[in-house]
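Descriptive structure summary
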Amino acid sequence: MPLLQMKNVDINYRMKKNEVKAVRDFTLDINERDIVGIIGESGSGKSTLAHGLMRILPRNGYMKASEIKLNNKDILNISDEEFRELRWIEMSIVFQKAMSALSPVHKIFDQMYDTILAHKPQVSRNEAEEKLSKLLEIVNLPKKTLNMYPHELSGGMMQRVMISLGLIFNPKLVILDEVTTALDVITQGQLLDEIKRLVNEFKLTVMMITHDVGVVNEVCTKIAILYAGELLEYGNVKDIIFEPFNPYTQALVESHPDLNPEGSTLKGIPGILPDLINPPESCIFYDRCKYRKDICKNGKPELQDYKGRKVKCFRVGELHG
Amino acid sequence: MDKNILEVKNLKKYFPVRKMGKKQYVKAVDDLNFSIREGEIFGVLGESGCGKSTLGRVINRLDFEQSGDITFLNNVISGKSYKSDKNFRKKMQMIFQNPYDSFDPKMLIYKSIELPMKINDVNSDAGSRINEIVETMNKAKLTPAESLLTRYPHELSGGQLQRISIIRSMLLKPKFIIADECVSMLDVSVRAGVLNLLLTFQEELNSAMLFITHDISVATYICNRIMVLYAGKIMEIAESKDILDNPLHPYTRALVSYSPIISKEEKKRFRITGEVVTPIDPPPGCRFASRCPMAKDICKKEEPILKEIGKNRKAACHFV
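Our subject in this report is the structure included herewith. (Residues numbered from 1 in each chain as written. Chains lettered and ligands numbered in written order. Predicted model: local features only at pLDDT ≥ 70, side-chain atom pairs only at ≥ 80, totals over all residues. Heavy atoms only, no water.)

**Examining the overall build of chain A**
Inclusion rule: Secondary structure elements follow DSSP: runs of H or I of four or more residues count as helices, runs of E of two or more count as strands, with numbering from the N terminus. Throughout, the radius of gyration refers to the C-alpha atoms, and the reference size of a globule is 2.2 Å times the residue count to the power 0.38. A 1.4 Å probe rolled over the protein chains alone gives each residue an accessible area, and that area as a share of the maximum for its type sets the label: buried under 20%, exposed over 50%, partly exposed in between. In what follows, a contact means two residues having at least one pair of non-hydrogen atoms within 4.5 Å.
Within chain A, the secondary structure is distributed over 11 helices and 13 strands. Rg of the C-alpha trace for chain A: 21 Å, near the compact-globule value of 20 Å for 321 residues, within the 12% margin. In terms of principal-axis extent, the alpha carbons of chain A reach across some 65 × 50 × 40 Å. For chain A, the residues scored as buried account for 56% of the 321 residues in total. At a minimum sequence separation of 6, the contacts of chain A that also span at least 24 residues come to 64%.

**Observations regarding unusual backbone geometry**
The omega torsion across Thr143(B) and Pro144(B) is -5°, close enough to zero to call that bond cis. With respect to the secondary-structure elements, Pro144(B) resides in the loop between α4 (126-139) and α5 (145-149). Backbone geometry places Arg33(A), a non-glycine residue, at a positive phi of 70°. Tracing the chain through its elements places Arg33(A) in the loop between β2 (19-31) and β3 (35-39). For Asn170(A), which is not glycine, the phi dihedral falls at a positive 50°.

**Describing the nonpolar core**
Formally: To qualify as a nonpolar core, a set must consist of buried Ala, Val, Leu, Ile, Met, Phe, Trp, Tyr and Cys residues joined through side-chain atoms within 4.5 Å.
Core analysis: the biggest nonpolar cluster contains 106 residues, and Leu4(A), Met6(A), Phe26(A), Met91(A) and Ile175(A) have the highest contact counts within it. Not counting residues within four places of it along the chain, the set of residues in contact with Phe26(A) comprises Met6(A), Lys7(A), Asn8(A), Val9(A), Leu49(A), Leu226(A) and Leu231(A). With 67 residues, the next largest nonpolar core counts Met117(B), Ile164(B), Ile177(B) and Cys182(B) among its residues.

**Considerations on the packing of aromatic side chains**
Heads up, the rule is: Working definition: a ring pair exists when centres of Phe, Tyr or Trp rings (six-membered ring for Trp) sit within 6.5 Å. Plane angles under 30 degrees give stacked, over 60 give edge-to-face, the rest tilted. Remark: a charge is flagged as sitting over a ring if the NZ atom of Lys or the CZ atom of Arg is within 6 Å of the ring centre and within 35 degrees of the ring normal.
Inspection of every chain in the model, using the stated rule, returns 13 aromatic pairs over all chains. Ring geometry for Phe245(A) against Tyr306(A): centres 5.8 Å apart, planes inclined by 70°, an arrangement best described as edge-to-face. Separated by 61 residues along the polypeptide, Phe245(A) in the loop between α9 (237-242) and α10 (247-254) and Tyr306(A) in strand β12 (residues 303-306) bring together distant segments of the chain. In terms of burial, Phe245(A) and Tyr306(A) fall into one category: buried. Ring centres 6.0 Å apart and planes at 90° place the aromatic pair Phe72(B) and Phe88(B) in the edge-to-face group. With Phe72(B) in strand β4 (residues 67-72) and Phe88(B) in helix α2 (residues 86-91), this residue pair connects regions lying 16 residues apart in the sequence. Residue class for Phe72(B) comes out buried when judged on its relative accessible area of 3%. Chaining the aromatic ring pairs together yields one cluster made of Phe72(B), Tyr82(B), Phe88(B) and Phe176(B). Across from the ring centre of Phe319(B), 4.8 Å away, lies the NZ or CZ of Lys296(B), which sits over that ring.

**Concerning the environment of Lys175(B)**
Residue and element names in this part refer to chain B. With respect to the secondary-structure elements, Lys175 resides in the loop between α6 (158-170) and β7 (176-180). Once the C-alpha coordinates of Lys175 and Phe96 are considered, the two residues, 79 residues apart in sequence, prove to be 17 Å apart. Sequence-distant contacts of Lys175, that is, excluding residues within four places in its chain, are made with Ile5, Leu73, Lys91, Ser207 and Ala208.

**With respect to the interface of chain B and chain A**
Stated formally: Two parts placed together each lose some accessible area under a 1.4 Å probe, and the buried area is that loss summed for both. Every case where a carboxyl oxygen of Asp or Glu lies within 4 Å of a side-chain nitrogen of Lys or Arg is listed as a salt bridge.
Listed per partner, the contact involves 30 residues of chain B and 36 residues of chain A. Buried surface at the junction of chain B and chain A, summed over both partners, amounts to about 2,800 Å²; 55% is from carbon and sulfur atoms. Here chain B and chain A share three salt bridges between them. A salt bridge links Arg271(B) to Asp193(A), with the shortest nitrogen-to-oxygen separation between them at 3.3 Å.

These figures capture arrangement, not role.
Here you go:
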């Protein structure tokens, strides 16, 4: 049973004269206990999608969809007040910049207790302290962290605090928005190990937003490839990384030094992102695709089920038959 | 490839800090010894705070060493400032991480490229300078060159601007290039183009390069040899393939095992704990001892020297 069902999600940003269509027609079901890596380069709409799901878009952003369900419950057509009741309790989000997500002038405990009070005002200070020390222990932080200020912690420790904050109410779905991007290699590796352990311990479903295929390869079970606001491919991580079907996925994977055959030149993707104010009527990758043909110009390809994954490409049957 | 273009001996760079009224030093770069051959791409790999950028800045005389010798093209350059030495600047060029910071935002692109050529007398005549710029832009597939050149930096994408900043350096035909994290803020698909451009020019001019990065995948793709730094000290120097496939030093082993390198085989972590030691008056012994799973008593007392291990290979560890 899918935990999160998204159907035809569109997210736009209003500008002075026009609108940027950041996410278009995004349809995806995320099953329970899946760890889904959402991969995309800058401007692909991956963070916009996460913010839209949490209803924390900036003021000029708005979301349309035909359906969004969490645990079979409609979360699209409910009021902000109703949404507040399930935010952080059923789904939470962890941001990239822990440094700016935490207040520099309050102790860690006060900030975490604040989050608890915002959702469950009846919890007492002592109860909270007990709960939080246990939680910090789980993410391998000493209990004294509660009495510290953010500047006393290292980047990795701060990100652990943020993750434990996201787990306070044991939510079903956790969105990790580039959580390891700002960290050093070893700290990143250690945190990824931790995330893998927590996912099992808390029986989490995770949406992990990142630009790094290597990170997805380490922790995720599924991967979704986002390009210029559209979902182009979705399936098992290893299948897609080692045998991509969509031309963009293929080009992306070939740009990665690890996956480049030894001795050959690294291929990039020539060209630039399409205009998101007036997105093209054709396949979104048409301009930069090396397999393009005339059929690709006419209309948009559907996201179709193909060999156990979802692919958006007119020529997939022909190229990978 | 046999002649050394750059030799660094006992290079130290300390930054003074005052703590509780006591004068102490951040030992950003501490006693480095290495040399770079002609035409070689030499990678400096390390995490934040390991001193890799400081090293680049000291070599390029943007910062000055505490002590030690740097020999560049058989001239001792340490102890001098080279603030107005055109000849030196022309031979050694630097490419920075953020191209938006390394271009004057109020200057048209072609002016930004032309000015260093004019100052360094690459081409005396303005018309032929422009011709050369356009030609190089076309070669780098930055087209239409004329339209790109008459824009301002904010009108270009990060990848385009970084490629232009490489062109700007390369038009001076430098003998030595220092690239400081020059692709770390770019998307993967753009990164490839920038790296390839760097390689094309480097091959054409046969210049040597100091490539500073934190990304082991990029380092092994582009570099001939890699030097691994940790808290201001050299841990290991080896050919890139050896660093990736057969790291010897415990720190390198940890670094490789924790990197999100994509491969079909499952890899095992070489587990370490703790955080990087503070570079402010660090304890005696090996800098990595407090986190090293192989550490014995000797590691905390005696500092390991960088010793030769096999061909083209050095490591600083008591147990290698």
